[in-house]
Amino acid sequence: MRNRNKCLALLTAMALTLALLSGCGGEDTPLPPAPAPAADGTGAEQGGETAPPASAPAPAKNEQPQDAEPVEPTGDDAAQDTGGEAADVQPEEPAKEAEPASGLAPVPESEPEKEPEPAPEPVETVPEDGTYTASVTLEGGTGRAKVDSPAMLRCENGKFYAVIVWSSPNFDYMKVGGEKYLQTNTEGNSTFEIPVAAFDQKLDVIADTVAMSEPHEVEYTLYFDSSTLQKQ
């Protein structure tokens, strides 16, 4: 490389000397032709180093090849071409990612459970006035006294009154709910008509007997079965 530089400097000095001599003599002396490169790529200079090929001039910054298609300016270049104002370019919205298909149908939202409606209260039916019969059961006392069953009942204004016939003539009155009821007959077994406060439950009653040395009140219960109620 150093020998090549020396050769180039020597050739340059010779060219300048010839130019000066030609100027002084008034005649134009042609410059010697530059040495042609050898066919095998080796230089004519001594040392056998290869002379670098002449490189093509670098294209200017803004120059484009003739065959190349024109490129639209973007960014800062576009701003320079339009007088320094940047183009109003809106950014593209990012594409939404597709939700993966689960292969299952969407589950509908469950509706809130409704509170059960209260059952309607049974409508009380007023029985028709008239005569009925129903089974009656007596409990209490010594267990020797009985009453006739079924008993006769009378319905008046929706209220029932039962005719109680004892198996003995020795009862002179009965008490129901603190109220005293006397016999309705003068001969035969003791008979009373008393109110029936309710069916299908035991009703407390008191019957006074004179069979002992002294009158004596005895506690009993009466049970009227509504399933046996029949209109006469």
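Source: prediction; values computed, not measured.

Procedures and definitions
- Residues numbered from 1 in each chain as written.
- Predicted model: local features only at pLDDT ≥ 70, side-chain atom pairs only at ≥ 80, totals over all residues.
- Heavy atoms only, no water.
- Helix = DSSP H or I, 4+ residues; strand = E, 2+ residues; numbered from the N terminus.
- Buried < 20%, exposed > 50% of the residue type's maximum accessible area, 1.4 Å probe, protein only.
- Contact = heavy atoms within 4.5 Å.
- 1 Å grid on protein atoms, 1.4 Å probe; cavity = no way out; pocket = protein on both sides within 12 Å on 5 of 7 lines; lining within 4 Å.
- Points joined across faces, edges and corners; volume = space filled by probe spheres on them.
- Nonpolar A, V, L, I, M, F, W, Y, C, P; charged D, E, K, R; others polar.

Engineer: Would you mind going over the environment of L222 with me for this structure?
Structural biologist: Tracing the sequence through the fold places L222 in strand β9 (residues 216–224). In this structure L222 comes out as buried when scored by relative accessible area, which is 2%. The spacing of L222 and E139 is 83 residues in sequence and 6.7 Å in space, taken between C-alpha atoms. For L222, the contacting residues outside a window of four places in its chain are V136, T137, L138, I164, I194, Q201, K202, L203 and V205.

Engineer: I keep staring at empty space enclosed by the protein and nothing clicks. Help me out?
Structural biologist: Where empty space is left becomes clear once a probe the size of a water molecule has been rolled over the atoms. Following the criterion strictly, the structure yields 1 cavity of 30 Å³ or more and no others. Each pocket or cavity is described by its volume, and for the largest cavity that value is around 30 Å³. In terms of lining, the largest cavity is formed by V176, I194, P195, V196, L203, V205, L222 and F224. Secondary structure elements with two or more residues in the lining of the largest cavity: β7 (191–196), β8 (202–209) and β9. Residues of the lining of the largest cavity, tallied by class, amount to 8 nonpolar, no polar and no charged.

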